[in-house]
Amino acid sequence: MFGVTGDLARKKLMPAVYDLANRGLLPPAFALTGFARREWDKQDFAEVVHDSVKKYARTPWREETWEQLSAGIRFVQGTFDDPEAFAELRRTVEELDAERGTGGNHAFYLSIPPSAFPQVITQLRNSGLSDPKENTWRRVVIEKPFGDNLETADQLNQVVSDVFPPDAVFRIDHYLGKETVQNLLALRFANQLFEPIWNSQYVDHVQITMAEDIGIGGRAGYYDGIGAARDVIQNHLLQLLALTAMEEPASFGAVDLRTEKEKVLRAVALPDDLALGTARGQYAAGWRGGEHVGAYLDEEGIAQDSTTETYAAIKVNIPNRRWNGTPFYLRAGKRLGRRVTEIALVFKKAPSPYFQQIEGSDVGTNALVIRVQPDEGVTLKFGSKVPGTAMEVRDVTMDFAYGNAFTDESPEAYERLILDVLLGDPPLFPRHEEVALSWKILDPITEFWSTQGQPEQYRSGTWGPAQADQMMARDGRVWRRP
Ligand code: BG6
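The sections below set out a description of the structure shown in this document.

The rules we used
Residues numbered from 1 in each chain as written. Predicted model: local features only at pLDDT ≥ 70, side-chain atom pairs only at ≥ 80, totals over all residues. Heavy atoms only, no water. Helix = DSSP H or I, 4+ residues; strand = E, 2+ residues; numbered from the N terminus. Rg over C-alpha atoms; globule rule 2.2 N^0.38 Å. Buried < 20%, exposed > 50% of the residue type's maximum accessible area, 1.4 Å probe, protein only. 1 Å grid on protein atoms, 1.4 Å probe; cavity = no way out; pocket = protein on both sides within 12 Å on 5 of 7 lines; lining within 4 Å. Points joined across faces, edges and corners; volume = space filled by probe spheres on them. Nonpolar A, V, L, I, M, F, W, Y, C, P; charged D, E, K, R; others polar. Near = heavy atom within 4 Å. Polar contact = N/O pair within 3.5 Å; in protein donor to acceptor, adjacent residues only side chain to side chain. Areas by Shrake-Rupley, 256 points an atom, 1.4 Å probe, with all protein chains shown as cover. Core = buried A, V, L, I, M, F, W, Y, C linked by side-chain atoms within 4.5 Å. Contact = heavy atoms within 4.5 Å. Axes fitted to C-alpha atoms, helices over the stretch in contact; angles between N-to-C directions. Parallel < 35°, antiparallel > 145°, perpendicular 65-115°, else oblique. Left-handed = near helix turned anticlockwise from the far one by under 90°. Expected span 1.5 Å × (residues − 1).

### As for the overall build of the protein chain
Alright, step 1. Each helix and strand in the protein chain was counted, giving 16 helices and 15 strands.
Alright, step 2. The C-alpha radius of gyration of the protein chain comes to 24 Å, within 12% of the 23 Å expected for a compact globule of 482 residues.
Alright, step 3. Oriented by its inertia axes, the alpha-carbon framework of the protein chain measures out at about 80 × 50 × 45 Å.
Alright, step 4. Sorting the 482 residues of the protein chain into buried and exposed places 52% on the buried side.

This is how it looks when you write it as structure tokens:
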């Protein structure tokens, strides 16, 4: 694992490895080698893993699990430009293979800034680490961002594919590892109820929301210049869109699934006027859970004139037989009212003249909401008669909550994804074509924004800039307040 001193490794990756071990899903010989610049030895690194597991693991602490796991922990100190460090890494993993009888398969997890990818990948090749010996495999795992536009994504792909064949490359979009996201496939295709109405004849529009209440934390170096659209719309939200809008794949295998997602991404059309069909904002000071919080421009490491958006909303159309006329609205933002990710299909009004005449009646704006997080589940909103003599109708909901229906807690996305890397199971990992298609959708928008100066400020703790509400209002619609 490269990048072991980073936040992601500490908060997500190491705990996920432990959770897998705890669930009995790793072979006893499994070994983890960390690579970083720090002057650590094996013991120091083991302590870091220990502390991160204690703090962030999902499953309970078990001494036996830890003993087994920690026996396979190693550390190599070095910089990415030092061939000797990679030679040392090679010696270390070969020793591990011999000592622990691992079987000799190696996965390289690059949890590092994209600017370091070319160097690390080249070193993996030059040191021979990327060459599989007979009957073993070598895999590389890369974390987003996969470039910051189509051009840089293509360059990055070139670098990776010069060294690793396509089926050895695992691109992580951790949203695809979320239980609720995988449930989209079950909801749509394991049931007969939803698919007949899953189209523009019945669906007025779709809203995909990823709201966070946190700010950028200590990530100024990564986030500034990237912004909400590149950070999460290019990957997580467009993947959610693809899974929501795609046709039923011939199978749930990687080839068929990716093919259907790509067809949707290829069909996505942007609004003619990006000034009307997109919105962006930047958080100003405000409130988060009763605590006063500062503005984006006052965060440490952010320039006073930064034009990076922390909120982005875009409207897209999918002019194919299923979706023509049903817009998809995507929005993502930091420091919003609360943390929630959901996909909402908002249905057309019922044509009944009787109910439309009733004042205040909201009947007919049914919505099917897939709550990705938190409170994972599915909600169906529909109209119901209020008890009494009048024919008064109000919205009610029918709820499925994972917490009530299943006793087992959902695994973390990274548990599933790391396990799939080790199993060599690729359906949950986007291939380069999907990444490229997503940049093709996003590039015109970010280019347009780059000519528009400062984004609108919105108060922390609210639901984003007025611009985004106006964008919806022009279409006679409103954003849901989850
Ligand atoms: C990451 C983004 O991909 O997803 C972060 O880079 C964001 O900015 C995070 O906070 C959110 O992930 P989750 O799983 O908490 O919704």
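### Overview of empty space enclosed by the protein
Rolled over the atoms, a probe with the dimensions of a water molecule shows which regions are left empty.
Alright, step 1. Tallying each qualifying case throughout the model produces three cavities of 30 Å³ or more.
Alright, step 2. By volume, the largest cavity is sized at about 70 Å³.
Alright, step 3. Lining the largest cavity are Leu176, Val181, Gln182, Leu185, Leu243, Leu257, Lys261, Pro427 and Leu428.
Alright, step 4. When residues of the lining of the largest cavity are assigned to their parent elements, the largest contribution, three residues, is made by helix H7 (residues 179-189).
Alright, step 5. Along the lines of polarity and charge, the residues of the lining of the largest cavity split into seven nonpolar, one polar and one charged.
Alright, step 6. Of the volumes computed, that of the second largest cavity is approximately 50 Å³.
Alright, step 7. Of all the secondary structure elements, the ones that give two or more residues to the lining of the second largest cavity are helix H9 (227-245) and helix H15 (432-449).

### Focus on the site of the ligand
Alright, step 1. Tyr175, Lys178, Glu212, Asp231 and Gln373 are the nearest of the 13 residues found near the ligand.
Alright, step 2. Separating an oxygen atom of the ligand from a side-chain N or O atom of His174 is a distance of 2.8 Å.
Alright, step 3. Taking His236, its side chain carries an N or O atom lying 2.7 Å from an oxygen atom of the ligand.
Alright, step 4. In isolation the ligand has 400 Å² of accessible area, and contact with the protein removes 83% of it.
Alright, step 5. With three residues, H9 is the single largest residue contributor to the shell around the ligand.
Alright, step 6. Its residues placed into classes, the shell around the ligand shows three nonpolar, three polar and seven charged.

### Quick look at the nonpolar core
Alright, step 1. Counting 133 residues, the largest nonpolar core has Phe2, Leu110 and Leu241 as the members making the most contacts within it.
Alright, step 2. Considering each element in turn, this core owes the most residues, 11 residues, to H9.
Alright, step 3. In this structure Leu241 touches Ile208, Val264, Leu265, Val268, Val316, Ile318, Phe328 and Leu330, once residues within four positions along its chain are discounted.

### Comments concerning the packing of helix H6 (residues 150-163) against H15
Alright, step 1. The N-to-C vectors of H6 and H15 enclose an angle of 165°; their axes lie 9 Å apart at closest approach. Classified by the angle between their axes, H6 and H15 sit roughly antiparallel to one another. In the packing of H6 onto H15, the handedness of the crossing is right-handed. Taking contact as the criterion, the partners of Leu150, Ala153, Asp154 and Asn157 in H6 are, on H15, His432, Val435, Ala436, Trp439, Lys440 and Asp443.
Alright, step 2. Split into classes, the residues belonging to the contact of H6 with H15 amount to five nonpolar, two polar and three charged.

### Considerations on the packing of H9 against H15
Alright, step 1. Interaxial distance between H9 and H15 falls to 10 Å at its minimum, and their mutual angle equals 140°. Taken together, H9 and H15 sit at an angle that is classed as oblique. Remark: the crossing between H9 and H15 carries right-handed chirality. Note on element contacts: H15 touches H9 through Glu434, Val435, Ser438, Trp439, Ile441, Leu442, Thr446 and Trp449, opposite Ala229, Arg230, Ile233, Gln234, Leu238 and Gln239.
Alright, step 2. A class-by-class count of the residues in the contact of H9 with H15 yields eight nonpolar, four polar and two charged.

### A closer look at helix H10 (residues 254-267)
Alright, step 1. The terminal C-alpha atoms of H10, which comprises 14 residues, lie 20 Å apart, in line with the 20 Å expected from a rise of 1.5 Å per residue.
Alright, step 2. In the core, the buried residues of H10 are packed alongside H7, H9 and H15.

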